[in-house]
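Report on the structure
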Amino acid sequence: MVGLRDIVITGIGCVTPLGIGRQAFHQALLAEQCAIRQRISLNDSERTTYYTASIEGFDGKQYVTPRKALKVMGREVQIAYSAAHLAWQDAGLTDVSPAPDRIGAVYGTEIIPGDLMEVLPCVQACSTMGELDFGTWGKVFHKHIIPLWMLKYLPNMPACHVGIAVDARGPNNSIALEEASGLLALGEAADIIRRDV
């Protein structure tokens, strides 16, 4: 059995509002940069100004392979995949072929929101005079939404895409418990290594 002290993190992949890549993220932290920016300011002074921590300059085409996988990846899935891709590179594994049965993917995730613009044509087709007719949704959905639409937003898809890309035939798991997901995924990965599965 592998001891806990024998488990190390060999690569870090950062796709964050503070920067993309370990170096950019590290430099932003050292410079004490803040990722929170004003996003929307409403003219009505009694209303709230909205702030976000958006990831600027991200393009999944730079990281996702094969590129055709992009059509079944929502932006959040692309970001998660890209972080794993960068971690793989950072670990120096791009020119190495580890045994597929010894590679796994464990992801901390949460519910992935769909893109409202993708369902807008269906909503418009079900609406009359500004009222949505839920009775027609099932009749028009298939005409306006691609059959693989749901795959773009399932929370287990980042681990799935990473597993396929690196031929990981070992344990593949997704943990969806909000803020605790990342830490729990790290613990699960360490336990898998300790068990020498």
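Keep in mind the model is a prediction, meaning the values are calculated, not measured.

Our next topic: the pairing of strand β5 (residues 105-109). Here β5 shows a clear split, with A105, Y107 and T109 buried on one side and none of V106 and G108 buried on the other. In the sheet, β5 pairs with strand β8 (residues 172-176) via five bridges, with the strands oriented parallel. Counted as the bridge partner of Y107 is S174 from β8.

Below, the discussion takes up the nonpolar core. Judged by nonpolar contacts, the single largest core of 20 residues is most densely connected at V64 and M73. Apart from residues no more than four positions distant in its own chain, V64 is found in contact with A69, L70, M73, Y81 and S82. Among the nonpolar cores identified, the runner-up in size contains seven residues, and V15, F58, I79 and L86 belong to it.

Summed over the entire model, instances satisfying the criterion amount to four aromatic pairs. Arranged with centres 6.1 Å apart and planes meeting at 5°, the rings of F58 and Y63 form a pair that is stacked. The burial state of F58 is the same as that of Y63; both residues are buried. Ring centres of F141 and W149 lie 6.4 Å apart, and the angle between their planes is 80°; on these two criteria the pair is classed as edge-to-face. Ring pairs connect the aromatic residues W137, F141, W149 and Y153, which therefore count as one cluster.

Running from N to C, helix α3 (residues 116-125) and helix α4 (residues 137-144) point in directions that differ by 140°, and their axes come no closer than 9 Å. Of the possible angle classes, the one that applies to α3 and α4 is oblique. In this structure, α3 meets α4 at a crossing whose hand is right-handed. Counted together, E118, P121, C122, V123 and A125 of α3 and W137, V140, F141 and H144 of α4 form the full contact between these two elements. Each residue belonging to the contact of α3 with α4 can be placed in one class, and the counts come to seven nonpolar, one polar and one charged.

What counts, and where the lines are drawn
- Residues numbered from 1 in each chain as written.
- Predicted model: local features only at pLDDT ≥ 70, side-chain atom pairs only at ≥ 80, totals over all residues.
- Heavy atoms only, no water.
- Buried < 20%, exposed > 50% of the residue type's maximum accessible area, 1.4 Å probe, protein only.
- Helix = DSSP H or I, 4+ residues; strand = E, 2+ residues; numbered from the N terminus.
- Pairing = 2+ DSSP bridges.
- Core = buried A, V, L, I, M, F, W, Y, C linked by side-chain atoms within 4.5 Å.
- Contact = heavy atoms within 4.5 Å.
- Phe/Tyr/Trp six-rings, centres within 6.5 Å; stacked < 30°, edge-to-face > 60°.
- Axes fitted to C-alpha atoms, helices over the stretch in contact; angles between N-to-C directions.
- Parallel < 35°, antiparallel > 145°, perpendicular 65-115°, else oblique.
- Left-handed = near helix turned anticlockwise from the far one by under 90°.
- Nonpolar A, V, L, I, M, F, W, Y, C, P; charged D, E, K, R; others polar.

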